[in-house]
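Take a look at the letters that make up each chain.
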Amino acid sequence: DSGVTQTPKHLITATGQRVTLRCSPRSGDLSVYWYQQSLDQGLQFLIQYYNGEERAKGNILERFSAQQFPDLHSELNLSSLELGDSALYFCASSPRTSPGAQETQYFGPGTRLLVL
Amino acid sequence: GQQVMQIPQYQHVQEGEDFTTYCNSSTTLSNIQWYKQRPGGHPVFLIQLVKSGEVKKQKRLTFQFGEAKKNSSLHITATQTTDVGTYFCAGRGGSTLGRLYFGRGTQLTVWP
């Protein structure tokens, strides 16, 4: 158990819908990262937040958005869903005690999204 | 942009055989990390290499970081069925605070 929690574990929805994935980082961790893992694309970095502010953006679609709240939990919003958005979505956290700190990332169990 | 290439994508070995996966970066890395993801699980941190030419061992696993800090390898000696999973390398560039660039991973299958 990494200490990172994600809800829900599974999500089945239809094309065109909108869903929200939730992540609670490890206690004390300030950074949250979102990743998408699909069979043909591997582990794709989407976005990173640090203490409520966006720090880095990866291959995140405009239909997707995220935020980190004052209590440090984060939400990933996926809208106008397409079949190709079906994937495992992981959240990871790290302490980020100082800029440039070479810290490991602790991954949550993931949310499996199926778009029908 | 920053890229981390990892090969092979798949590897099937007989139990007891050795296994190696390789990572190469297009640019110099400040450090590289290795993660293991068991089937149905999430990536779990294994180790971090920081210094040029660094070699670290964890029981049957040997991790190396190249002299130029652009490549890395993970070698498993005498594989066991418990080694099954996907091994990812993840490199951090010098100017990218926090972000890791993951390789595609090597999926290891071990036949008993």
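Before any of the text, the structure's been laid out above.
Residues numbered from 1 in each chain as written. Chains lettered and ligands numbered in written order. Predicted model: local features only at pLDDT ≥ 70, side-chain atom pairs only at ≥ 80, totals over all residues. Heavy atoms only, no water.

Looking now at the overall build of chain A. Along chain A, the regular secondary structure elements total zero helices and 11 strands. Reading the helices (α) and strands (β) of chain A from amino to carboxyl end gives β-β-β-β-β-β-β-β-β-β-β. For 116 residues, the compact-globule estimate of 2.2 N^0.38 gives 13 Å, and chain A sits close to it at 13 Å. By principal-axis analysis of the C-alpha atoms, chain A measures approximately 40 × 30 × 30 Å. Once local pairs closer than 6 in sequence are excluded, the contacts in chain A between residues at least 24 apart make up 55%. Surface summary for chain A: the accessible area is close to 5,500 Å², and the carbon and sulfur share equals 49%. Taking the 9 positively charged and 11 negatively charged side chains of chain A as two groups, their mean positions are separated by 2 Å. (Helix = DSSP H or I, 4+ residues; strand = E, 2+ residues; numbered from the N terminus. Rg over C-alpha atoms; globule rule 2.2 N^0.38 Å. Contact = heavy atoms within 4.5 Å. Areas by Shrake-Rupley, 256 points an atom, 1.4 Å probe, with all protein chains shown as cover. Lys, Arg positive; Asp, Glu negative; His and termini not counted. Charge placed at Lys NZ, Arg CZ, Asp CG, Glu CD.)

All right, on to the side chain of Ser31 of chain A then. Note on placement: Ser31 of chain A falls in strand S4 (residues 31-38). One polar contact links Ser31 of chain A to Gln48 of chain A, side chain to side chain, over a distance of 3.1 Å. (Polar contact = N/O pair within 3.5 Å; in protein donor to acceptor, adjacent residues only side chain to side chain.)

We now examine the sheet that holds strand S8 (residues 71-76) of chain B. Residue and element names in this part refer to chain B. Spatially, five strands are ordered S1-S3-S8-S7-S6 in an open sheet, and the strand pairing comes out antiparallel. In the strand order of this sheet, the two ends are held by strand S1 (4-7) and strand S6 (55-58), each with one partner. Recorded for the sheet is a direction-independent mean angle of 15 degrees between the axes of neighbouring strands. Summarising the sheet, S1 and strand S3 (residues 19-25) pair through four bridges and their orientation is antiparallel. (Pairing = 2+ DSSP bridges. Axes fitted to C-alpha atoms, helices over the stretch in contact; angles between N-to-C directions.)

Residue and element names in this part refer to chain A. Tallied over the full model, the rule gives 12 aromatic pairs over all chains. Consider the rings of Tyr35 and Phe45, whose centres lie 5.8 Å apart with planes at 65 degrees: the pair is edge-to-face. One end of the pair, Tyr35, is in strand S4; the other, Phe45, is in strand S5 (residues 42-50), and 10 residues separate them in sequence. Between the aromatic rings of Phe90 and Phe107, the centroid separation amounts to 6.1 Å while the plane-to-plane angle is 85 degrees, which identifies the pairing as edge-to-face. Note that Phe90 is positioned in strand S9 (residues 87-94) and Phe107 in strand S10 (residues 106-107), a separation of 17 residues in sequence. (Phe/Tyr/Trp six-rings, centres within 6.5 Å; stacked < 30°, edge-to-face > 60°.)

Our focus in this paragraph is the sheet that holds strand S3 (residues 19-24) of chain A. All names here are of chain A. Pairing is antiparallel across the open sheet formed by four strands, whose spatial order is S1-S3-S8-S7. The open sheet has two edge strands, strand S1 (5-7) and strand S7 (64-68), and neither has a second partner. Each strand axis lies, on average, 15 degrees off the axis of its neighbour in the sheet, ignoring direction. Bridging between S3 and strand S8 (residues 74-78) involves five bridges; their strand directions are antiparallel.

Turning to the state of the cysteines, a few remarks are in order. Residue and element names in this part refer to chain A. Applying the stated rule across the entire model yields two disulfides over all chains. Cys23 shares a disulfide with Cys91; S-S distance 1.8 Å. Its S-S torsion of approximately -45 degrees makes the covalent link between Cys23 and Cys91 left-handed. Taken together, the residues Cys23 in strand S3 and Cys91 in strand S9 connect sequence positions 68 residues apart. (Disulfide = S-S within 2.5 Å.)

This part is about the environment of Lys9 of chain A. Residue and element names in this part refer to chain A. Relative to the helices and strands, Lys9 resides in the loop between S1 and strand S2 (10-13). Considered as a pair, Lys9 and Arg112 are 103 residues apart in the sequence and their alpha carbons are 6.1 Å apart. In this structure, Lys9 is in contact with Gly110, Thr111 and Arg112, ignoring residues within four places of it in sequence.

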